[in-house]
Amino acid sequence: MTQVTERGTLLPTAPQAAARRRSPAAAACVLGGAVAAGLGLGFLAVLVIVLWISSPYPDSGPGGALHLAAGLWLLAHGTELVRYDTLSGVPAPVGVTPLLLVALPMLLMRRAARLGSASGDGSMDDEVLPPSVVFSAVTCGYLTVGAMATVYAAGGPMPADPLSAAWHVPLVAVLAAAGGVWEARGRPPVTLPAWAPGWATRGVRTAIARPRYALALRSGAAGALVLLGGGILLVGASLAWHGSEVQGSFLALTGVWSGRFAVLLLALTLIPNAMVWGAAYGLGPGFALGTGATATPLGFGGSPALPRFPLLAALPPEGSGTPLTWAAVAVPVAAGLGVGWFAVRRAREVSYGETALTAALGSMVCGLVMAGLAAAAAGPMGAAALASFGPVWWQVGAAATGWTLALAVPLAVAVHAWRTRPVRGAAAAADEWHDSGVRELRWAALRRAATPMVPVGAEEGPGRAVAVAPPVSGVVPGSAVASAPPVPVAPPVVAVEPVAAPVVAVGPVAAPVVVGPGAGPEVPAAVADAVAPLLPGVSGARVLSRRPSE
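Residues numbered from 1 in each chain as written. Predicted model: local features only at pLDDT ≥ 70, side-chain atom pairs only at ≥ 80, totals over all residues. Heavy atoms only, no water.

Details of helix H13 (residues 352-377)
In an α-helix there are 3.6 residues to a turn, and that puts residues three or four apart on one side.
Right, so step 1: The terminal C-alpha atoms of H13 lie 38 Å apart, and with 26 residues this matches the ideal 38 Å at 1.5 Å per residue to within 8%.
Right, so step 2: Gly 379 sits one or two residues past H13 and shows a positive phi near 155°. (Helix = DSSP H or I, 4+ residues; strand = E, 2+ residues; numbered from the N terminus. Expected span 1.5 Å × (residues − 1).)

A short note on the packing of aromatic side chains
Right, so step 1: By the definition in use, this model includes 4 aromatic pairs.
Right, so step 2: Here Tyr 281 and Phe 287 contribute two aromatic rings whose centre-to-centre distance is 6.2 Å and whose plane-to-plane angle is 40°, an arrangement assigned as tilted. One exposure class covers both Tyr 281 and Phe 287, and it is buried.
Right, so step 3: Taken together, Trp 277, Tyr 281, Phe 287 and Phe 389 form an aromatic cluster joined through their ring pairs.
Right, so step 4: Here the guanidinium or amino end of Arg 421 rests over the ring plane of Trp 418, the centre of that ring lying 3.9 Å away. (Phe/Tyr/Trp six-rings, centres within 6.5 Å; stacked < 30°, edge-to-face > 60°. Buried < 20%, exposed > 50% of the residue type's maximum accessible area, 1.4 Å probe, protein only. Lys NZ or Arg CZ within 6 Å of the ring centre and 35° of its normal.)

Some points on the pattern of salt bridges
Right, so step 1: Counting across every chain of the model gives 4 salt bridges.
Right, so step 2: Between Glu 183 and Arg 114 there is a salt bridge, with the nearest N and O atoms lying 3.9 Å from each other. One end of the pair, Glu 183, is in helix H5 (residues 162-184); the other, Arg 114, is in helix H3 (residues 99-118), and 69 residues separate them in sequence.
Right, so step 3: With relative accessibility at 37%, the residue Arg 114 sits in the partly exposed group.
Right, so step 4: Glu 183 is the partner of Arg 187 in a salt bridge, and the nearest nitrogen-oxygen pair spans 3.3 Å. (Salt bridge = Lys/Arg side-chain N within 4 Å of Asp/Glu carboxyl O.)

Here we look at the packing of helix H7 (residues 211-241) against helix H12 (residues 330-342)
Right, so step 1: Relative orientation of the contacting elements H7 and H12 amounts to 160°, with a least axis distance of 8 Å. Taken together, the axes of H7 and H12 are roughly antiparallel relative to one another. For the pair H7 and H12, the sense of crossing is right-handed. Residues Leu 215, Arg 218, Ser 219, Ala 222, Gly 223, Val 226, Leu 227, Gly 230, Gly 231 and Leu 234 of H7 form the contact with H12, whose own contacting residues are Val 331, Pro 332, Ala 334, Ala 335, Val 339 and Phe 342. (Axes fitted to C-alpha atoms, helices over the stretch in contact; angles between N-to-C directions. Parallel < 35°, antiparallel > 145°, perpendicular 65-115°, else oblique. Left-handed = near helix turned anticlockwise from the far one by under 90°. Contact = heavy atoms within 4.5 Å.)

Here it is as structure tokens:
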């Protein structure tokens, strides 16, 4: 008895294999996110341990140093820390985030997302993960380490506020991972998911297609950069002006080189904050130095509660403003001019209203950027009088929008009018052909004006005769052959040669006639032989004039 068993391939085998292939790649992305968080923690831990070892009077052991490193890592994400060992016994929040320290987790997370998106070549054994899977996996691994770091930092001298860490760490992770995945995919156009409403999708497509919004983003970013550059110039000038006070504050904080090195590192990480504070000072709102003191170009009033720190020693003196402090208004003026300059399109068909609207949108972008930077650069430095420290975000955003809007719109309209002014003179007319304002219309005009040199089907080539007119017959009135039947005349031909000279259209000429005996004066034989190769005129032909040789 023979038993035959037929074996076939099960249908669910292929999906299961795909799932098995995808699992290692997704796990690698999760591990990459965890490694990115671990690298940031490790960098700060090594730095804190080195400072702890070099300190002659350490306050705690290596465990306290590691707890402090975890707290600093959370502070780099914008999380508020809480200091309990205060003289009054009241817990004091520390919420001023060094903006230069934020670059550490952002760069590491972005790198992890890019590596996760680049893994896989699409083969059978190495499947490429979708962007959403890479983003979710990398973020999940990063947030897992972030949660453990929050729990670990709770036992240190400066624990993190759990509510602050619950949204600051995910925000930084999501932004950095999204940027890394988007860059790894070749920076594709931004699209909304399928479940988004139709009006939102159409709005995004319109914003991407119109050059107005791209110019507004560019001009707004240019204005923000000008403000930040002016802010760092103001800070540098103030540090140089108060050099002796800054040096005395730096030396009075500590007497050992390890402590001074720590103070120097902290001052360097706070330089971006000082840029934003300087820009806020130039815009007018200034910045708060406690609940009752504000520094503006018009004056420095109130009772500031300032800790001893080198950057704070460079503040302007208390009292009313001086012409030297009023000169800070040049910073927003330069920013408004920058927004207006970059908001102008190089095209003549753009209207003045479109140019003004683009400049206004650029001013709004500049205000939003500065408001976000002011919110990130400020925060509490303690309780009571130090609860408010730094610029107020909504005041800075409104001031940046107002300054740039008042200056950018008139400048953009004036620049657009200057670029689209009518051109006069022959030389100017020649340059108009190369003007970027008519670039869009040039090719359309050429396509409409382009016509074939010879009729379709005619044989072209140098030295060849091309027929351009039908056979013509004619007689000379009053001649001896007037009564004779018409004699057909050979079709006129013209020799076409490839030359590089401009084409000149020749209008209609008189029809060719038959020259017979007795018609007109007698032509000598030598002259007749010389003019024999000449051809009669042709109606509608294009004559190519040869450029004289130099």
